[in-house]
Amino acid sequence: MTKGYSFSELISGSISLVLTKVFYPGARLVRRPAYIRGKAYLQYGEGFTTGYHCRFDLTGEPGGGAGKNEKRLVIGKNCKIGDNVHIVASKKVIIGDDCLFASKIFISDTNHGRYDGVQAKSSPVVPPDDRPLSTAEVRIGDRVWIGENVVILPGVTIGNGSIIGANALVNRDVPMNSIAVGSPARVIKVWDSPSESWVKR
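Each chain has its residues counted from 1, following the order in which its sequence is written. For this predicted model, a pLDDT threshold of at least 70 governs which residues receive local features, and a threshold of 80 or more governs which side-chain atom pairs are given and counted, while totals over whole chains, interfaces and linings are taken from all residues. Working from all heavy atoms in the structure, the side-chain values ignore hydrogens and water.

J.: Got a sec to walk through helix 1 (residues 7-23)? Specific residues and values, please.
T.: Between its first and last C-alpha, helix 1 extends 24 Å over 17 residues, near the 24 Å set by a 1.5 Å rise per residue. Exposed residues in this analysis have more than 50% of their type's maximum accessible area, buried residues have under 20%, and partly exposed residues fall in between, with area computed by a 1.4 Å probe over protein chains only. By the criteria applied, helices consist of DSSP H or I runs no shorter than four residues and strands consist of E runs no shorter than two, each listed in order from the N terminus. The complete set of buried residues in helix 1 reads Gly13, Ser16 and Thr20. Taken around the axis of helix 1, the buried residues stretch over an arc of 65 degrees, which confines them to a single face. Summarising the geometry of helix 1, the exposed residues directed more than 90 degrees from the buried face are Phe7, Ser8, Val18, Lys21 and Val22. Here a helix's expected span is defined as the number of its residues, less one, multiplied by 1.5 Å. Note that the arc is computed from the directions linking the helix axis to the C-beta atoms.

See the structure below:
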């Protein structure tokens, strides 16, 4: 533990560190409390770190798209996730290496119902919780930085090296080495290798 923590944080962090070594071998630190439903479907790389109150829902329902023993949430090496991050993976959410996530982020590959005109059971007269789940894989590349309060919806791919600005709603793909902001998110800058700088798009 580093300097700057209060006594209570040091105690809490020390307990979390011991429990991490017992229950999450290879992870750096999984802070408590953490809520993981369907831990058998979780795969994480060395150095995995979380903040407080993270919630991973990985159970879905039969036929969600993942095989019986297939990992639904796959997290690469050296990923650091902030407080109150909620990830739903009924089919597949893949997060690359060396990613940094701020707090209060929601990522989901799952929706209650389909709204593309082909699913009658998604009618507004059906309670949302009774509508059949639809899933679409989410992929987040290596070295991606996601800001505070970001929402990433089903079917999205975010390319390597990209940055998602705070409060963004990501409902479409973001190319690699881009900065995307807004609701819905749009690319405002891209990395220019010859000048080694971020340039406006």
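J.: So what's going on with the environment of valine 118? Residues and values would help.
T.: Its place among the elements puts valine 118 in the loop between strand 12 (110-112) and strand 13 (133-135). For valine 118 and glycine 51, which are 67 residues apart along the polypeptide, the C-alpha to C-alpha distance reads 40 Å.

J.: Go over the sheet that holds strand 9 (residues 93-95), please, and point to the residues and values.
T.: Working definition: the strands of a sheet are paired by backbone hydrogen bonds and lie parallel or antiparallel to each other. Here the rule is simple: two strands pair whenever DSSP picks up at least two bridges between them. The sheet built from five strands is open, its strands ordered 3-6-9-14-17 with parallel pairing. Every other strand in the sheet has two partners, leaving strand 3 (42-44) and strand 17 (157-158) as the edge strands with one partner each. Alignment of strand 14 (residues 138-140) against strand 17, held across two bridges, turns out to be parallel. When the bridges of strand 17 are listed, isoleucine 140 appears paired with isoleucine 158.

J.: With reference to specific residues and values, describe the nonpolar core.
T.: General note: in soluble globular proteins, nonpolar side chains tend to be found buried as a group. Nonpolar core, defined: a set of buried Ala, Val, Leu, Ile, Met, Phe, Trp, Tyr and Cys residues in which side-chain atoms within 4.5 Å join the residues together. Counting residues in each nonpolar core, the largest one holds 38 residues, and the members touching the most others are Leu73, Ile95, Ile140 and Ile152. Listing elements by their share of this core, those giving two or more residues are strand 3, strand 5 (54-57), strand 6 (73-75), strand 9 and strand 14. A contact between two residues is defined here by any heavy atoms of the two lying within 4.5 Å. The contact partners of isoleucine 95, leaving out residues within four places of it in the chain, are Leu73, Val74, Ile75, Gly76, Cys79, Ile87, Phe101 and Ile140.

J.: How would you summarise the sheet that holds strand 10 (residues 100-101) if you had to cite specific residues and measurements?
T.: With mixed pairing, the nine strands of this open sheet are ordered in space as 1-4-7-10-15-18-20-21-22. Only two strands of the sheet have a single neighbouring strand rather than two, namely strand 1 (29-30) and strand 22 (197-200). Looking at chain direction, strand 1 and strand 4 (residues 49-50) are connected through two bridges and run parallel. Bridging from a neighbouring strand, valine 30 pairs with threonine 50 of strand 4.

J.: Mind laying out the packing of aromatic side chains, listing which residues take part and the relevant values?
T.: A pair of Phe, Tyr and Trp rings is counted when the ring centres sit within 6.5 Å of each other, with Trp represented by its six-membered ring. The angle between the planes then sorts it: under 30 degrees is stacked, over 60 is edge-to-face, the rest tilted. Tallying each qualifying case throughout the model produces three aromatic pairs. Ring geometry for tryptophan 191 versus tryptophan 198: centroids 5.4 Å apart, planes at 70 degrees, classification edge-to-face. For tryptophan 198, a relative accessible area of 32% corresponds to the partly exposed category. Ring-pair connections join several aromatic residues into one group, and the members of that group are Tyr24, Tyr44 and Phe48. For a Lys NZ or an Arg CZ to count as sitting over a ring, it must be within 6 Å of the ring centre and within 35 degrees of the ring normal. Between arginine 72 and the ring centre of tyrosine 41, over which it is positioned, the NZ or CZ distance is 4.1 Å.

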